[in-house]
Amino acid sequence: MIRISILGSGNLATHLFKAFEACPTIKVVQCYARDISKIEGYKDRVAITSDFTKLLDSDIYMLAVSDDAIAEISQHLKVKKGLIVHTSGIATLDVLLPNQRRGSFYPLQTFTKAVPVDFKVIPICIEADYEEDLFLLQKLANGLSDKVV
């Protein structure tokens, strides 16, 4: 079981939460948002927080935030042992701290909160610094999509 925390509350974060929650090999342990009111609807299903110091331990911390926020948010995750992953299609791994386990998980799709998506047909591009982290991302992506690159 892959334990994941989702940081963000936008379109992609919303769709990822729904997809991960429906996958039997993935456990969403927590959601983070600057404005906790944006994730209040999850509080009966998963832990929620707006405080970085209250993030629970996870295998993966998925930063489903704007490209401009990735570096700043990764600074708050310095002490976390899990894999820190951004969801940007244009940012490199270098936007994350070099001493972190880091990767990217990019679904090649435009997302709108109100429009349902079928992750099985959405290509997911993954990247990681280390082979074991790439394997973990492969396992995560394969839980959602039939097209992992």
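Everything below is about the structure printed above this text.
Description of the structure in this document. (Residues numbered from 1 in each chain as written. Predicted model: local features only at pLDDT ≥ 70, side-chain atom pairs only at ≥ 80, totals over all residues. Heavy atoms only, no water.)

### Some thoughts on the pairing of strand β6 (residues 102–107)
So, step 1. Buried residues dominate β6, accounting for 5 of its 6 residues.
So, step 2. Bridge count between β6 and strand β7 (residues 124–128): 5 bridges; the pairing is antiparallel. Within β7, the position partnered with Gly103 by the bridge is Ala128. (Buried < 20%, exposed > 50% of the residue type's maximum accessible area, 1.4 Å probe, protein only. Helix = DSSP H or I, 4+ residues; strand = E, 2+ residues; numbered from the N terminus. Pairing = 2+ DSSP bridges.)

### A look at the environment of Tyr106
So, step 1. Note that Tyr106 resides in strand β6.
So, step 2. For the pair Tyr106 and Ile124, spaced 18 residues apart in the sequence, the C-alpha separation amounts to 5.4 Å.
So, step 3. Not counting the four nearest positions on each side in its chain, Tyr106 is found in contact with Thr87, Ser88, Gly89, Pro123, Ile124 and Cys125. (Contact = heavy atoms within 4.5 Å.)

### Quick look at the sheet that holds β7
So, step 1. As summarised here, the arrangement of the 7 strands in space is β3-β2-β1-β4-β5-β6-β7, forming an open sheet in which the pairing is mixed. Both outer strands of the open sheet, β3 (47–49) and β7, are each paired with one neighbouring strand and no more. Neighbour-to-neighbour, the strand axes of this sheet turn through a mean angle of 25 degrees, independent of strand direction.
So, step 2. Where strand β5 (residues 83–86) and β6 come together, 3 bridges link them in parallel fashion. Looking at the pairing, His86 lines up with Ser104 of β6.
So, step 3. Where helix α3 (residues 131–142) meets the sheet, it contacts β1 (2–7), β2 (26–32), β4 (60–63), β5, β6 and β7, and its direction lies at approximately 160 degrees from that of β7. (Axes fitted to C-alpha atoms, helices over the stretch in contact; angles between N-to-C directions.)

### Describing the pattern of salt bridges
So, step 1. By the definition in use, this model includes 7 salt bridges.
So, step 2. Close ionic contact of Arg45 with Glu21 constitutes a salt bridge, the shortest N to O distance being 2.9 Å. Note that Arg45 is positioned in the loop between β2 and β3 and Glu21 in helix α1 (residues 11–22), a separation of 24 residues in sequence.
So, step 3. Its relative accessible area of 45% is what places Arg45 among the partly exposed residues.
So, step 4. Two residues, Glu40 and Lys43, come together in a salt bridge whose shortest N-O distance is 3.3 Å.
So, step 5. Accessibility expressed as a relative area gives 31% for Glu40, which makes it partly exposed. (Salt bridge = Lys/Arg side-chain N within 4 Å of Asp/Glu carboxyl O.)

### Some remarks on the packing of aromatic side chains
What characterises a pair of aromatic rings is the spacing of the ring centres plus the angle enclosed by the ring planes.
So, step 1. The tally for this structure, following the rule as stated, stands at 3 aromatic pairs.
So, step 2. Where Phe17 meets Tyr42, the ring centres are 3.9 Å apart and the plane angle is 20 degrees; that geometry is what we call stacked. Of this pair, Phe17 sits in helix α1 while Tyr42 sits in the loop between β2 and β3, and the two are 25 residues apart along the sequence. Of the two residues, Phe17 and Tyr42, both sit in the buried class.
So, step 3. Residues Phe20 and Phe105 carry aromatic rings whose centres are separated by 6.2 Å and whose planes lie at 55 degrees to one another, so their mutual orientation is tilted. (Phe/Tyr/Trp six-rings, centres within 6.5 Å; stacked < 30°, edge-to-face > 60°.)

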